[in-house]
Amino acid sequence: MLTSTPQPLEDRQRLDLINAGVDSSDIYTDHDGECARPSRPQLNRALNALRPGDTLTIDTLERLGRSTQTVLAVAAQLQTRRAELRVLDLGGNTVDTSTAAGSMLFTTLAALTQMERELNRERAHDSIERRRQAGTNLGGRPLVFTDDQIRRAVRLVEEGQPAAEVAFDLGMSRATFYRRSKALDE
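The structure presented is a predicted model; accordingly, all values stated were derived computationally and were not measured.

The next point concerns the overall build of the protein. Along the backbone of the protein there are seven helices and three strands. Starting at the N terminus and walking to the C terminus, you meet the elements of the protein as α-α-β-α-β-β-α-α-α-α. By the burial criterion, 29% of the 186 residues in the protein qualify as buried. At a minimum sequence separation of 6, the contacts of the protein that also span at least 24 residues come to 58%.

Let us look at the nonpolar core. For soluble globular proteins, the rule of thumb is that nonpolar side chains tend to be buried together. Leu-47, Leu-56, Leu-61, Leu-64, Leu-78, Leu-85 and Phe-106 are the most contacted members of the largest nonpolar core, which has 19 residues in total. Contributing elements (two or more residues each) for this core: helix 2 (41–49), strand 1 (55–58), helix 3 (68–80), strand 2 (84–87) and helix 4 (100–133). Among the elements that take part in this core, helix 3 stands out by supplying four residues, more than any other. With eight residues, the next largest nonpolar core counts Phe-145, Ile-150, Ala-153 and Val-166 among its residues.

For the rest of this paragraph, the subject is the packing of aromatic side chains. Any pair of aromatic rings gets described here by the distance separating the centres and the angle formed by the planes. If you walk through the whole model with that rule in mind, you get one aromatic pair. Centroid distance Phe-177 to Tyr-178: 5.8 Å. Interplanar angle 50°. Geometry classified as tilted. Relative accessible area serves as the criterion here: at 2%, Phe-177 is assigned to the buried category.

This part covers helix 3. Taking 1.5 Å as the rise per residue, helix 3 with 13 residues should run 18 Å; its terminal C-alpha atoms sit 18 Å apart, in good agreement. Looking only at helix 3, the buried set comprises Thr-68, Val-71, Val-74, Ala-75 and Leu-78. Across the axial projection of helix 3, the buried residues extend over an arc of 130°, all falling on one side. Turned more than 90 degrees away from the buried face of helix 3 sit Gln-69 and Thr-80, all of them exposed. The secondary structure elements touched by the buried residues of helix 3 are helix 2, strand 1, strand 2 and helix 4.

To continue, consider the packing of helix 6 (residues 163–170) against helix 7 (residues 174–185). How two helices pack is summed up by the angle between their axes together with the distance between the axes. Packing of helix 6 against helix 7 leaves a shortest axis separation of 8 Å and a crossing angle of 95°. Taken together, the axes of helix 6 and helix 7 are roughly perpendicular relative to one another. Across from Ala-163, Ala-164 and Ala-167 in helix 6, the residues of helix 7 making contact are Arg-174, Phe-177 and Tyr-178.

Time to look at a nonpolar patch on the surface. On the surface, Leu-112, Met-115 and Leu-119 cluster together to form a nonpolar patch covering roughly 250 Å² of accessible area. Under the relative-accessibility criterion, Leu-119 is labelled partly exposed at 32%.

Across a regular strand the side chains alternate sides, sitting on one face of the sheet and then on the other. The sheet contact formed by strand 1 and strand 2 spans four bridges and is parallel. Along strand 2, the bridge assignment pairs Thr-57 with Arg-86. Once you follow strand 1 into helix 3 and on to strand 2, the crossover reads as right-handed.

Conventions used here
Residues numbered from 1 in each chain as written. Predicted model: local features only at pLDDT ≥ 70, side-chain atom pairs only at ≥ 80, totals over all residues. Heavy atoms only, no water. Helix = DSSP H or I, 4+ residues; strand = E, 2+ residues; numbered from the N terminus. Buried < 20%, exposed > 50% of the residue type's maximum accessible area, 1.4 Å probe, protein only. Contact = heavy atoms within 4.5 Å. Core = buried A, V, L, I, M, F, W, Y, C linked by side-chain atoms within 4.5 Å. Phe/Tyr/Trp six-rings, centres within 6.5 Å; stacked < 30°, edge-to-face > 60°. Expected span 1.5 Å × (residues − 1). Arc of directions from axis to C-beta. Axes fitted to C-alpha atoms, helices over the stretch in contact; angles between N-to-C directions. Parallel < 35°, antiparallel > 145°, perpendicular 65-115°, else oblique. Patch = residues over 30% accessible without salt bridge, like charges linked within 9 Å, V, L, I, M, F, W, Y side chains within 5 Å. Areas by Shrake-Rupley, 256 points an atom, 1.4 Å probe, with all protein chains shown as cover. Salt bridge = Lys/Arg side-chain N within 4 Å of Asp/Glu carboxyl O. Pairing = 2+ DSSP bridges. Right-handed = clockwise from strand over helix to strand, strands pointing away.

Right under this line is the structure:
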């Protein structure tokens, strides 16, 4: 089971799975972002391919889902199919969800994985807020152009400079320049 799209990460995960003994024809790929969706066709294919006694091998626990609830739902499916789970980032040990201890460990790990994702989200949000308060440019949409800037640009065009060049120098498209200059006339 493999679930990331950035090519270097996908290649590393694929290699890790093959080194762990997974046949390359048994690797299913859900692309990045699909882990958060309720419908994951490749995960469903992997689960449907499992037979009693098989082991589902994944790179990290979050590959089963982004929330504890989703991971536990997959664990229930594995238990119904009498299949085991092997998570490579846990040292390659098999987590047997059919035993009480394995089920408890799996639930704990799923909760910790969700908590880690939420902490990362909070850290990113806090970082953005600190940068905003410090006045750092966060990228995104360009700054709004003032009417004075547009008037000066219109004068340049009236003096003979090409509108496309003037708009480019301002950092806007020619269509935006024309739209803004027309709005000034009205």
